[in-house]
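Observations on the model geometry
Listed below, chain by chain, are the residues.
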Amino acid sequence: MNMPRATVSKILPFSCVDGPGNRLVLFLQGCNFACVTCHNPHTMALCTHCGDCVPACPTGALTLRDGRVVFDPATCTDCDDCLRACPINANPMVREMSLQEVLAVLRENLAFLDGLTVSGGEATTQLKFLVALFSAIRSAPDLAHLSCLVDSNGHLGPNGWARLLPGADGVMLDIKALDPETHRRLTGQDNARVLASARLLQAAGKLEEIRYLVIPGVTDTEPEIAALGAFLDELGAAPRLRLNAFQAHGVRPPAAGWPTATRAEIDSVASRLSQLGVTHIETPTVYL
Amino acid sequence: MSLDLDTIRKIVTDPTLNPSQKARFLSLEAENALPYPETDPEAAQALAEGVLCDLVEGHAPYKPRYVLPDFSVLLANGSDYLELEPPKTLDEAINCLMIAWHHTPSVTAMPVFIGHLDRLLLPFCEGVTHDDLVNKIRLLWRYIDRVLPDAFLHTNIGPEDNRVARAILQVDAELKQIAPNLTLLYDPESTGETLLRMATDNIAACSKPHIANHPLHAAAFDARGYGIVSCYNALPAAGGAGTLVRLNLHEVARRSEGVEDFLQRALPHYMELQFRLIEARMGWLFERSGFFENFIVEEGWIDRDRFTAMFGIYGMAEAVNMLRGKNGLPGQYGFDAEANALGYRISEQMAAKVEATPVKHAWRGRALLHSQAGISSDLEATPGVRIPYGSEPDPVTHVKALAPHHRFYPSGISEILTLDETVKANPQALFTLAKGALASGFREFTANVAGNDLVRVTGYMIRLSDVEKYRNKEGSRINTTGLGAEAAELTGILERKPRVIGHEYAQGYGQ
Ligand code: SF4
Ligand code: SF4
């Protein structure tokens, strides 16, 4: 049988920012957007085994064997020095995992978990694996209580959602911008599919939350906020809106030169949105 | 071994100490002008070299290190010595306890244990409204924090869910004081998820309480029970601990050639010396100090036979890393499965020896192994079996790496999990983490939530704002702030890395 495998860049057994309760987060490698504001650019590109990161590793977790970089998770201390050393923003720690291996990781951490969140990169680029994973979780008596959430940029089309949604409890959808031109500038892609995904997910009752990154001067302009308010209004019974504050640290140029969103700016966006009738707004707990 | 007049003068004139703090430091100088309890030269040398440490208990132990009176005896019988009738109302009961605490000795000159407060007060609560109860506890909390301002002072609640325990959690989260330190005894059978959830929500607000795994502790003690005091020491109720001597495993590792030499020769040798020092201190306390002629013994608050000796250890992380280095093996303690396994092996071997070695005067004739939480002057030795500050893995991996140690440490083992304040927006995550840790065999669950002013240092609480004041030489009302400030400067304790953060904000994943 041709079982799908996952290309995994990282597994976190503790996250309290990827949905309700403690969630195991499965970060999958590869993305179909190229966001200038990405804080995890190392999930985008694939490793060419150039070996540049090997000497950067302080614990010897990376070695070059027969022209390939080999990663030893047992020795790795998660310092991420190798990510900073990679010239093309790839990741030497990526590993291929079978469905059974991913299920085993869930079982090892089961006592600590409320659910699973798949993230990325863009998780839905590995759709086949996700469909198999969710259905395996649903049909395993010891795992069935875990909620399954998807972190997505919304580029997936209706056929894809039709396959994914039966197993998923909800989707946390990023909307980067309402103006198509701004969206293209920020992500390299048009936003029509993102907005269509939002409507589709809302109709299916699976839109867990919308995430909106506030970039001062870019996504907090009057027309953007008005368009966001109008779009949420159009969705009706609008889901939770989570405002995230852009912060330049760790981002590549040109966005690295953009100003960080302050608490005051986030609060101003939140209050303008509530004047437009948006009710369920979450603002960050921490500002950097 | 004579009085150093310069030091005395410095204490007397120190503008950052209040008069009673000065009196305490002066009494320590006087006690330590006496010769150390007689022990053999080898043990004395290990103590002098810092392989053994007596935690500055003093040269003439005239009181046990930790005293856990059974205050229910007082509430039932009153006290002849203190001329107290048995209380009949809640006010009288609280008043009796406040008086009793004043007469409870310990190593810090303030009580380390003020009782299982919910159990003590519950019988007096009939007809008392919730609001009245909360108001009385609020005043009691104010009294404790202002009159007995010591972060080592501990009260316990649970395991049964009850209205006093709930009122205490409500007041504790509201006031966010250092004292009293608070432990919820948790039993999945009788505590219930509602009370546990209240406790974990409190942790998000003020990094308190600490949650003890009641079924594990109950099994290690007897019908008279136990209490959790000070830095998460589990000790016999109506007794306590005569002494706590600790062994620096890093120093023992330094004095061994490798893993086998450590396990076969060095560790048994230094443990032997530690037993001799424990015997010397217990001997002085029980045979010469006159402590047990105290009225709290005669009136049955404590029982001479219920004092254990705590066999403390610390610096496990450095010991394991050093020993593996000496054997040319890679892998870091806390991250590498083999390095962790060596740690478990060391714990297991120590537990077996402590269980097999008689100790005179100690409860059941044995010491109890303890993973010691550290003190402010510790350098290059991480508390107990913890993973070093600033390099801990995520909290779930952290718990899983340390859980197998827990069964070896009946008199307590403390871990502090540091969580980023994003957890405040998702308290369910903290609840699930606590439940998972306890289900995995953790004897106690303790978390610091970043962004809280109230923070656990090695095992006690400090206020970050107090540390700041102390650094600026304003002096602090709270006795433990000095220790905390020293710990912060010497050991990088405030560098404990918050482990959880919104990925949108992170530079790389998991940072
Ligand atoms: S991760 Fe980057 S630096 Fe390392 S081998 Fe791959 S391409 Fe080269
Ligand atoms: S994160 Fe990268 S550099 Fe750091 S220890 Fe792991 S493999 Fe090595």
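Residues numbered from 1 in each chain as written. Chains lettered and ligands numbered in written order. Predicted model: local features only at pLDDT ≥ 70, side-chain atom pairs only at ≥ 80, totals over all residues. Heavy atoms only, no water.

Overview of the overall build of chain A
Heads up, the condition is: Secondary structure elements follow DSSP: runs of H or I no shorter than four residues count as helices, runs of E no shorter than two count as strands, and numbering proceeds from the N terminus. Only C-alpha atoms enter the radius of gyration, while the globule expectation follows 2.2 Å times N to the 0.38, with N the number of residues. In this analysis, two residues are considered to be in contact whenever any of their non-hydrogen atoms come within 4.5 Å of each other.
Looking only at helices and strands, chain A features 8 helices and 11 strands. In terms of C-alpha radius of gyration, chain A reaches 19 Å, essentially the compact-globule figure of 19 Å for 288 residues. Expressed along its principal axes, the backbone C-alpha trace of chain A runs to roughly 60 × 45 × 30 Å. In chain A, 66% of the contacts between residues at least 6 apart in sequence involve partners at least 24 apart.

Some remarks on the domain arrangement of chain A
Many structure descriptions define interface size as the accessible area lost when the parts assemble. All names here are of chain A. Just so we agree on the cut-off: In this document the domain limits rely on a domain assignment from an automatic tool or a database. Buried area: the accessible surface (1.4 Å probe) lost by two parts on joining, summed over both. Just to be clear on terms, a salt bridge is a Lys or Arg side-chain nitrogen sitting within 4 Å of an Asp or Glu carboxyl oxygen. What qualifies as a polar contact is a pair of N or O atoms within 3.5 Å, subject to a donor-acceptor requirement within protein and to the restriction that residues adjacent in sequence count only when both atoms come from side chains.
Along its sequence, chain A is carved into domain 1 (5-43 + 94-282) and domain 2 (47-93). Using C-alpha coordinates to define each centre, domain 1 is positioned 28 Å away from domain 2. Taken together, the contact between domain 1 and domain 2 spans 9 residues of the former and 8 residues of the latter. Of the roughly 700 Å² buried where domain 1 meets domain 2, counting both sides, 41% is carbon and sulfur surface. By the criterion of area lost to domain 2, the three top residues of domain 1 are K10, H42 and V94, representing 67% of everything that side buries. Remark: the boundary between domain 1 and domain 2 carries 0 salt bridges. Linking domain 1 to domain 2 there are 2 residue pairs in polar contact (both at pLDDT 80 or more). Sorting elements by how many residues they give to the side of domain 1 that touches domain 2 places strand β1 (residues 5-12) first, with 3 residues.

Observations concerning the interface of chain A and chain B
What counts, and what does not: Ten residue types, Ala, Val, Leu, Ile, Met, Phe, Trp, Tyr, Cys and Pro, are classed as nonpolar, four, Asp, Glu, Lys and Arg, as charged, and the remainder, Gly among them, as polar.
Contact residues are listed per partner, giving 43 residues for chain A and 37 residues for chain B. Approximately 3,400 Å² of surface area, both sides summed, lies buried where chain A meets chain B, with 61% of it carried by carbon and sulfur atoms. At the junction of chain A and chain B, the tally comes to 0 salt bridges. Applying the counting criterion to the chain A and chain B interface returns 6 residue pairs in polar contact (both at pLDDT 80 or more). Residues belonging to the side of chain A that touches chain B are distributed by class as follows: 19 nonpolar, 18 polar and 6 charged.

Digging into the site of ligand 2
Cut-off, in case you're wondering: By convention in this text, a residue qualifies as near a molecule or strand provided that one of its non-hydrogen atoms is within 4 Å of it.
In the vicinity of ligand 2 lie 14 residues, with C57, C76, C79, D80 and C82 of chain A positioned nearest. A breakdown of the residues in the shell around ligand 2 according to their chemical character gives 9 nonpolar, 2 polar and 3 charged.

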